[in-house]
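Topology and contacts: notes
Now for the letters of each chain:
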Amino acid sequence: MNLTFGSEEHGYVSYNAKLIVDKSGNKFYRDEEAEFEYIDTDDGFRFMKEYGKYTLLEYFGNEETVILPTDINENQYDIHLMRGVFDVIIPEGFTEIPTEAFGGCDTLVSVSIADSVEKIDSSAFWYCTNLQTVSFGVNSNLKTLGNHAFAGCERLNGIVLPDSIDCIPAGLFRDCYSLERIIIPDQCTSVGTEAFGLCHNLKSIYIGENVRTVSGDAFLECYFDEFVISPNNQWLAEKDGVIYNKNITKVFFALNGVKEVIIPASVTDINNAFAYHRTLEKVRFEEGSQLTTIGTAAFESCSVLKSVEIPNTVTRISTHAFQACAIETIDIPESVRVIDRAAFNLCTHLTTVTILNDDIEIDRDAFMQCFSLTTFISDRYKYIDSDKDGFYDTWETPIINGIVYSSDRKTIITADRGYMFGDLVIPEGVTTIQSRAFNSCVKLYSVTIPSTVTTIAEDAFFACEYLHIVYNNSDVEILSEMIYNLKVVIDKYGNKTFCENSDFAYVETADGFLFEKEMLVLIMNIQLLKKMAITN
């Protein structure tokens, strides 16, 4: 097989190649004048030299335990996506392990890191899927760990962090499924977002005396048997299985097994606090609560949470606050003025929402994919989206098959795009389709407009990019610019109007089949077969 630089043949294998080595070991460089070469050392290390900079890429020797060289021809070097090593010793003299140094090295089993190393950069060992142990010297000077440095090391079960590190960064051990216990050293001051996310087997954790903050999702989907806070810690407190700051103003998270929480009146911050909790069933707030915002993702994916009493001090329910909870009914107190996007998204058991504030702003996607929701009880509210807003007088606003109607069911206000797919038939009796009512319903293929419709906003079907066909039984003119990618309008008499500049047509066969013709290709239209009377 002959390979050439820049070739698209053989699966593009040499398209971006800088060097091709033939079966005899001959090396051919893409640019013979470029300052680029590979250097293989006698002890089995392969370096790349480019513009005077050396990078260690691979070990091709026979030793299982490898000590990295301190230099290459008396020059310092970088490490990037190192391959071919099993047990690695990073010797004295190294001060930093660079970004993605061993990223994705699936042969790496163990690493021993010298005391001189002060920094392990982001993703340095991420997704080393066979890495089991990482060891540090007793006098380690390691201070800084980068984001996701050990993320995805799914077999890692042996690591004792040095006392010298200053924080646990975001995603440090995310997806380390085999990690069972960890000690957060006393000098560490914070634990970042998803630092131990999805460490499903993490059973025991010790929090050092100087840890001040813990991200609400730091232990996302972790189920502890033992959670110990240093008795000398002046920053954190545990009460009834919930971890707070010392002043009980912020909730960090709740331990596995907690079924009911009474949030103290002093709490003002619950962002991400209970996200993905698997046993929480009921939440109440102490009388005199000071909470004003149900924070972002506060109860997201609490899959058995059925009962929440929102205090009348809350003014805002933030994005994803109750997403994918098991709530069946919810009373929104009079104090609430804003419900943000996707606040109740995927609450598939939610049937009734009672709104007590007659001047509330509700994002049009706040209750997206609430498939059981049938009733809004409210005097008046305002739907909000990024471009438009407007007041709609409502009383027990019907939500039928994902479409929000006015109280008299004559106006379509908005629609849940999670419901909208295939062929939509708008019921008789509807007279008005509001602005952006079907915004971004990208799974719609056809829409049937009833004869009663008299008004369709020009952007009612904005960004419905696969909506190709409109069956128009009304007298409202459907313009191609109203619907992106619209191809044909079929009126109540069966007349077809094809959009300009569209190489599109229907071909009907004598035996009752209907095809689309576009760009000279015939495709059977399965959607439209449903609408045809096919004779035997």
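Residues numbered from 1 in each chain as written. Predicted model: local features only at pLDDT ≥ 70, side-chain atom pairs only at ≥ 80, totals over all residues. Heavy atoms only, no water.

Structural notes on the pattern of salt bridges
Counting across every chain of the model gives 14 salt bridges. R46 is paired through a salt bridge with D40; the nearest N and O atoms lie 2.7 Å apart. Residues E58 and R46 are paired through a salt bridge, measuring 3.0 Å at the closest nitrogen-oxygen approach. Of this pair, E58 sits in strand β5 (residues 53-59) while R46 sits in strand β4 (residues 45-50), and the two are 12 residues apart along the sequence. When its relative accessible area of 27% is taken as the criterion, E58 is described as partly exposed. (Salt bridge = Lys/Arg side-chain N within 4 Å of Asp/Glu carboxyl O. Helix = DSSP H or I, 4+ residues; strand = E, 2+ residues; numbered from the N terminus. Buried < 20%, exposed > 50% of the residue type's maximum accessible area, 1.4 Å probe, protein only.)

A word on the sheet that holds strand β38 (residues 421-425)
Here 5 strands make up an open sheet; going across it, the order is β38-β40-β42-β43-β44 and the pairing mixed. Either end of the sheet is taken by a strand with one partner, and the two such strands are β38 and β44 (496-498). The average undirected angle you get between the axes of adjacent strands in this sheet is 15 degrees. (Pairing = 2+ DSSP bridges. Axes fitted to C-alpha atoms, helices over the stretch in contact; angles between N-to-C directions.)

Observations concerning the pairing of strand β24 (residues 282-285)
Across the two faces of β24 the burial differs, with V283 and F285 buried and K282 and R284 not buried at all. Sheet analysis places strand β23 (residues 260-263) next to β24, joined by 4 bridges and oriented parallel. Bridge pairing links E260 to K282 in β24. Relative to strand β26 (residues 307-308), β24 runs parallel, the two being bridged by 2 bridges. Its bridge partner lying in β26, V283 is registered against V308.

With respect to unusual backbone geometry
Backbone geometry places E221, a non-glycine residue, at a positive phi of 60 degrees. Following the sequence through the fold, E221 ends up in the loop between β18 (213-214) and β19 (226-229). Within the chain, R409 stands out as a residue other than glycine whose phi angle is a positive 65 degrees. Structurally, the position occupied by R409 is in the loop between β36 (403-405) and β37 (411-415). In this structure R409 comes out as partly exposed when scored by relative accessible area, which is 48%.

A word on the environment of P98
Checked against the element boundaries, P98 lands in the loop between β9 (96-97) and β10 (110-113). You can call P98 buried: its relative accessible area is 15%. For the pair P98 and G146, spaced 48 residues apart in the sequence, the C-alpha separation amounts to 9.5 Å. Sequence-distant contacts of P98, that is, excluding residues within four places in its chain, are made with D78, I79, D121 and A124. (Contact = heavy atoms within 4.5 Å.)

Digging into the confidence of the model for the chain
Per-residue confidence for the chain gives a mean pLDDT of 87, with 89% of residues at or over 70. Under a pLDDT of 50 for its full length, residues 386-395 has, in the predicted model, 28 contacts with residues more than four places off or in other chains. Low pLDDT, under 50, characterises residues 519-536; the stretch is placed with 40 contacts to residues that sit more than four places away or in other chains. (pLDDT = per-residue confidence, 0-100.)

What about the nonpolar core?
Core analysis: the biggest nonpolar cluster contains 68 residues, and F102, I120, F125, F150, F173, F196 and F219 have the highest contact counts within it. When near neighbours in sequence (up to four residues on either side) are disregarded, F150 contacts I120, F125, W126, L131, V134, L145, L156, I159, L172, F173 and C176. In this structure, V283, V308, L373 and F376 belong to the second largest nonpolar core, which totals 50 residues. (Core = buried A, V, L, I, M, F, W, Y, C linked by side-chain atoms within 4.5 Å.)

Thoughts on the sheet that holds β24
Pairing is parallel in the open sheet, where 3 strands are placed in the order β23-β24-β26. In the strand order of this sheet, the two ends are held by β23 and β26, each with one partner.

What about the packing of aromatic side chains?
The full count for this structure, using the stated rule, is 19 aromatic pairs. An aromatic cluster of three or more residues is present, and its members are F102, F125, F150, F173, F196, F219, F224, F227 and F253. Above the face of the W235 ring, R212 is positioned so that its terminal group lies 4.0 Å from the ring centre. Directly above the ring of F462 sits R436, whose terminal nitrogen or CZ lies 3.9 Å from the centroid. (Phe/Tyr/Trp six-rings, centres within 6.5 Å; stacked < 30°, edge-to-face > 60°. Lys NZ or Arg CZ within 6 Å of the ring centre and 35° of its normal.)

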